[in-house]
Amino acid sequence: MLVLGIETSCDETACAVVRDTAAPADRILSHSLFSQVREHAPYGGVVPEIASRAHIEHLDFLVDEALKSAGIELDQVDAIAATAGPGLIGGVMVGLMTAKALAYATGKPLIAVNHLEGHALSARLSDDTPFPYLLLLVSGGHCQFLAVEDVGRYQRLGTTIDDAVGEAFDKTAKLLGLGYPGGPAIERLARQGDAQRFPLPRPLKGKPGCDFSFSGLKTAVRLVLESLGDSPTEQDKADLAASFQAAVLDVIIDRTRHAIAAFDSIHGSKGRHLVVAGGVAANAALRDSLRQLAEKSGMSLSVPPPRLCTDNGAMIAWVGLERLRRGLTDGLDVSARARWPLDPAAEAKPFAGAKA
Ligand code: KG4
Ligand code: ZN
């Protein structure tokens, strides 16, 4: 079985072909990606209109390239999958309409993929993690714990009450003048800094539940920066980046400990797997801390390789494949969605963290 996957929900235009084969290393036949980072960098963040135009300009070429480097023709694929949300609606429409046109022209089934399900199932693409597992999803727009029970079956255990963790990295990087995207820049600078120098807050640490909050941390970084005067030295910036990253990691580890307890109360010994996915999972310091926590908690830890953590077409094609196996395809009238939670029931619930 071969599936073509298209991703256009944010600032990466991506397309990949994956196949249904036992060895994870042989599953990705091609993986084409155009990163729009240079287009958005002057603005310090993603500009939706620029993103949609760039997707239009690059997607056809990337589809061609993905098919060519997989060594196949379009009519050899068994289905066409595309992100149908959540994300920047203009970009999502570009990818979904392209997929609809390809599905219509070839008569192949269309699969409208939830981008978050792409991140959620990426550990099954990279190493066959069995259901159920606890997922920490940390990206630029999302920050949540989910009990992943099956394809299409998710229970949200906790989420952020304000900023996503990737957003906190990006905003802190902007304050430090490091440019966009902020995560990798902060991680690099933090390696040269003293994480003990600035005692930053650890929002919600030790509180019940497993929600997050990062907006106070961002404000604290701003106040420290202001206290350093008009021209902080490179060492000041490195120390602040290191202190920020240490605070984020400290909070994530505390919240994950609580999430493991919540997951255990639902699945007990049935699910001893922790998965971390989304762009921030590319952070090596975070991966190391989570590895230690998983070991102490008697859980396995699965982190997809960095190129599968940040947005990519292979994770979308993989969801297409998992859905196709179950007969879950979509009609050509399916709509693009700016918002699309994996656990709609949880959206209505109050935040445990907000009460604590
Ligand atoms: O999953 P993703 O590519 O796009 C979204 O769906 O949001 O995640 C992008 C986010 C950005 O906020 C970026 O700064 C962050 O992931 N990120 C990182 C690292 N690499 C990317 N954050 C921390 N450390 C990194 N190495
Ligand atoms: Zn993403």
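The structure under discussion appears in the preceding block.
Residues numbered from 1 in each chain as written. Chains lettered and ligands numbered in written order. Predicted model: local features only at pLDDT ≥ 70, side-chain atom pairs only at ≥ 80, totals over all residues. Heavy atoms only, no water.

Enquirer: Kindly report on the environment of Phe61, identifying the contributing residues and their values.
Expert: With respect to the helices, strands and loops of the structure, Phe61 is situated in helix H2 (residues 48-70). Between the C-alpha atom of Phe61 and that of Leu228, which follows or precedes it by 167 residues, the distance is 48 Å. (Helix = DSSP H or I, 4+ residues; strand = E, 2+ residues; numbered from the N terminus.)

Enquirer: Which residues make up the nonpolar core, and what values go with them?
Expert: Residues Val165, Leu200, Phe214 and Phe244 are the most contacted members of the largest nonpolar core, which totals 50 residues. Elements with a contribution of two residues or more to this core: strand E6 (133-138), strand E7 (143-150), helix H5 (165-175), helix H6 (182-190), helix H7 (215-227), helix H8 (234-267), strand E9 (273-277) and helix H9 (284-296). Sorting elements by how many residues they give to this core places H8 first, with 14 residues. If we ignore the near neighbours within four places in the chain, the residues touching Leu200 are Leu217, Ala220, Val221, Val224, Leu240, Ser243, Phe244 and Ala247. (Core = buried A, V, L, I, M, F, W, Y, C linked by side-chain atoms within 4.5 Å. Buried < 20%, exposed > 50% of the residue type's maximum accessible area, 1.4 Å probe, protein only. Contact = heavy atoms within 4.5 Å.)

Enquirer: Can you break down the pairing of strand E2 (residues 12-19) residue by residue, with the values?
Expert: Counting buried residues along E2, seven of its eight residues qualify, which places the element largely inside the surrounding structure. Looking at chain direction, strand E1 (residues 2-7) and E2 are connected through six bridges and run antiparallel. Its bridge partner being in E2, Leu2 is matched across the sheet by Arg19. Between E1 and E2, which pair antiparallel one after the other, the connecting turn spans four residues. Here E2 runs beside strand E3 (residues 28-35); their pairing, made up of seven bridges, is antiparallel. When the bridges of E3 are listed, Val18 appears paired with Ile28. (Pairing = 2+ DSSP bridges.)

Enquirer: Please give an account of the pattern of salt bridges that cites residues and values.
Expert: For the structure shown, the criterion picks out 22 salt bridges. Linking Arg325 and Asp20 is a salt bridge whose minimum nitrogen-to-oxygen distance equals 2.6 Å. Here the residue Arg325 occupies a position in helix H11 (residues 313-325), and Asp20 occupies one in the loop between E2 and E3, the gap between them amounting to 305 residues. We classify Arg325 as partly exposed; its relative accessible area is 38%. Each of Asp20, Arg124, Asp150, Glu322, Arg325 and Arg326 takes part in salt bridges that share partners, so that together they form one network. (Salt bridge = Lys/Arg side-chain N within 4 Å of Asp/Glu carboxyl O.)

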